Amino acid sequence: ASTCSHPLHFYILFESSSASDERAGAGDDDNDNDDDDYANTSKNNSESVVKGVAMWYFGYSTWQGKVMNVDTILTTKNEGTINEKIVLDVLVKIAKCFSLRRIVYQIQGGKEAELFKEKYGADLLGEWLTLAMRRDQMTSFLNTQSTWDPVFSRSEDIAKDATNSNSIIDVKRGSNVSKEKNIDLAMIKCVIDAVVSKINPSVKRRKSCCSDGDGPLSSLKLRRAEEKDSEPIFNLVRGLALYEKALDEVHVDERVYQLDGGGDNPMYHCIVLEVEGDSVTRGDADADVDDEAGTGAGAVVGMGFFYFGCSMIGGRFLYLEDLFIKKEYRGNGYGKAIMYALTEIARDLNCQNFVWQALDWNTPALNFYKSIGAEVCDGLITLRFDHERMQNYRIMEVVD
C-alpha cells in the first residue's frame, strides 16, 4: 500500500517461484551469473520472477457505495492470458473481501476492450465518455473567472476568512501544496474551505428564484459537506435515480453515506450548494428531485460529489462522481461555480488531472464541459463488473 492516504492505493506483484527452484538445484555457483541490478538485493528477491503487477484504489459510487477502480494490469507477454486471468482472480477476491459492489477498469482501444469483455464477461460501457482537464487546462479555466463574474473579489479579507495562522495553505499569496507528495485529511479540508470561502462572494451575488419566477429571491452559498448532510445528499441522489427510472440500482442510503464519508480516511468528499438561512424544509425521500420540497432556507439544492484517484503513470487526480443542481436553481451559473471550485481544489492539492464521465447522448452537458476546457479521452473504454457479475465470476482453479 502506498504511504499516501488520499487516495489509498495498492500495488500487487505476482511472482513466480520457478526461477527459485531452478537456482536451488543448480548450486551456489549459479549465483555468479546474476545481473548487477540484483547485487544489493536479498537472495530471495533475486531469485523471484515478476510475472505481473496490478494497481488499484478505492473509488465511490453514489448509487453503489465503495468500489474498486483498477488502474493498471501488466503481465508478461509469453503467458499473458493466463497471468492476466490470475491477476483478475486476485482482484475479484479482494473486492469481495472488502464487500465492494463494483470493479471498474478502463482500457485504451475498442478492440482490446471487446476482447477483455469476451474473455472475462465484463460489461462494456460504450455510451460513457471520460472527460478530463490537465493541469494547464485547469489553469486556463481558472483564469476565465473574470469573464463570467467581472466583480469576483480576491481581497485579503476573504483570504483571512478562508485560512488562519496554522493553515497549510496561504490563500493570500495563492500558493498551493504542489511541493507536497502526500496529502492528509486536514489538508484536504483546509483547501476545500479556503476555496469555497474565496468563491462564495461570487455565488452569493447570484440571487435566484424558482424557474417559473415565483417566490422570493434566494441567496446561495457553497460549503464543504458535513455529517449532517448525508440525508439531503441521499435525497438528491435518490431523486435523480427516480428521474432516470433506475431507483432499483441505488443500493445505499444516508446511513451508508454517513459511515463512508466520516473517520480519518473518508471514501469521498462533497461540496454542497445551500440556500442561506437557518430554517430548512427537507425534501421527502419519496419526492422527485425537482419537486419544490426541500428548497427553503438552509436546504441543500446542489452538490459536487468527488474523491481522489491515482494513476501509475499520471499520479493523483480528482474524480467528480456527481454534479447536480436542482432544476429551479439551474441557469444561474451555479454549476460552473462548482466546477470552478473543484478545479481549484484539484490544482491546489497537486492533482495532475480533473476527471469525470458523461453519457455520449447528453449533448448539453458535453457542450458545457467542453466550454470550460475539458476534453474527451478518445478511445478510453470503461469496463465494469457489477455485484452480480462478481458473485458469478469463476475463479481459476489452482493445480499443484
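Residues numbered from 1 in each chain as written. Predicted model: local features only at pLDDT ≥ 70, side-chain atom pairs only at ≥ 80, totals over all residues. Heavy atoms only, no water.

Helix and strand counts for the protein come out as 13 helices and 13 strands. The buried share among the 400 residues of the protein stands at 48%. Taking the contacts inside the protein whose residues are at least 6 apart along the sequence as the reference set, 73% of them involve residues at least 24 apart. A total accessible area of about 20,400 Å² is found for the protein, and carbon and sulfur atoms account for 47% of it. (Helix = DSSP H or I, 4+ residues; strand = E, 2+ residues; numbered from the N terminus. Buried < 20%, exposed > 50% of the residue type's maximum accessible area, 1.4 Å probe, protein only. Contact = heavy atoms within 4.5 Å. Areas by Shrake-Rupley, 256 points an atom, 1.4 Å probe, with all protein chains shown as cover.)

Here Asn83 lies in helix H3 (residues 80-97). Only 3.0 Å separates the side chain of Asn83 from the side chain of Thr76, close enough to count as a polar contact. Ignoring anything within four residues of it in the chain, the contact list for Asn83 reads Lys51, Thr75 and Thr76. (Polar contact = N/O pair within 3.5 Å; in protein donor to acceptor, adjacent residues only side chain to side chain.)

Moving on to the environment of Gly126. For Gly126, the location among the structural elements is in the loop between strand S5 (123-125) and strand S6 (128-134). With relative accessibility at 45%, the residue Gly126 sits in the partly exposed group. Residues Gly126 and Asp360 lie 234 residues apart in sequence; the distance between their C-alpha atoms is 8.6 Å.

Bringing helix H9 (residues 230-243) into the picture now. Relative to the 20 Å expected for 14 residues at 1.5 Å per residue, H9 spans 20 Å between its end C-alpha atoms, a close match to the ideal helical length. Among the 14 residues of H9, 11 are classified as buried, and the element is accordingly described as predominantly covered. Turning to H9, its buried residues number three or more, namely Ser230, Pro232, Ile233, Phe234, Asn235, Leu236, Val237, Arg238, Gly239, Leu240 and Ala241. Contact partners of the buried residues in H9: helix H10 (254-260), strand S8 (269-275), strand S9 (300-311) and strand S10 (315-325). Residue Lys245 follows H9 closely and has a positive phi angle near 55 degrees. (Expected span 1.5 Å × (residues − 1).)

Turning our eyes to something else, we now look at the sheet that holds S5. Taken in spatial order, the 6 strands make up an open sheet running S1-S2-S3-S4-S13-S5, and their pairing is mixed. The outermost strands of the open sheet, each flanked by one partner alone, are strand S1 (9-16) and S5. Neighbour-to-neighbour, the strand axes of the sheet open up by a mean angle of 30 degrees, direction not taken into account. Here S1 runs beside strand S2 (residues 49-61); their pairing, made up of 8 bridges, is antiparallel. Looking at S2, one finds that Ile12 is bridged to Ala54. Lying on the sheet, helix H4 (residues 110-120) is in contact with strand S4 (102-108), S5 and strand S13 (380-386); it crosses S13 at an angle near 15 degrees. (Pairing = 2+ DSSP bridges. Axes fitted to C-alpha atoms, helices over the stretch in contact; angles between N-to-C directions.)

This part covers unusual backbone geometry. Unusually for a residue other than glycine, Ser99 sits at a positive phi of about 55 degrees. By secondary structure assignment, the location of Ser99 is in the loop between H3 and S4. By relative accessible area, Ser99 is classed as exposed at 56%. At Asn350, a position not held by glycine, the phi torsion is positive, near 60 degrees.

This brings us to the packing of aromatic side chains. One pass over the full model with this rule turns up 22 aromatic pairs. Ring centres 5.2 Å apart and planes at 90 degrees place the aromatic pair Phe58 and Phe98 in the edge-to-face group. Of the two residues, Phe58 is situated in strand S2 and Phe98 in the loop between H3 and S4; the sequence distance between them amounts to 40 residues. For Phe58, a relative accessible area of 13% translates into the label buried. For Phe98, a relative accessible area of 40% translates into the label partly exposed. An aromatic cluster of three or more residues is present, and its members are Tyr60, Phe234, Tyr257, Tyr268 and Phe305. (Phe/Tyr/Trp six-rings, centres within 6.5 Å; stacked < 30°, edge-to-face > 60°.)

Let us now look at the nonpolar core. Judged by nonpolar contacts, the single largest core of 55 residues is most densely connected at Trp56, Met68, Leu91, Phe116, Ile233 and Phe385. Discounting residues that sit within four places of it in the chain, Leu91 has contacts with Ile12, Ala54, Trp56, Met68, Val70, Ile73 and Ile103. Membership of the second largest hydrophobic core comes to 46 residues, among which are Leu142, Leu222, Leu320 and Phe354. (Core = buried A, V, L, I, M, F, W, Y, C linked by side-chain atoms within 4.5 Å.)

As a packed pair, helix H5 (residues 135-142) and helix H11 (residues 334-348) sit with axes 10 Å apart at the nearest point and diverge in direction by 135 degrees. Of the possible angle classes, the one that applies to H5 and H11 is oblique. When you trace H5 past H11, the crossing you get is left-handed. Taken together, the residues of H11 that come into contact with H5 (itself represented by Arg135, Met138, Thr139, Phe141 and Leu142) are Lys336, Met339, Tyr340, Thr343, Glu344, Ala346 and Arg347. Tallied by class, the residues present in the contact of H5 with H11 amount to 6 nonpolar, 2 polar and 4 charged. (Parallel < 35°, antiparallel > 145°, perpendicular 65-115°, else oblique. Left-handed = near helix turned anticlockwise from the far one by under 90°. Nonpolar A, V, L, I, M, F, W, Y, C, P; charged D, E, K, R; others polar.)

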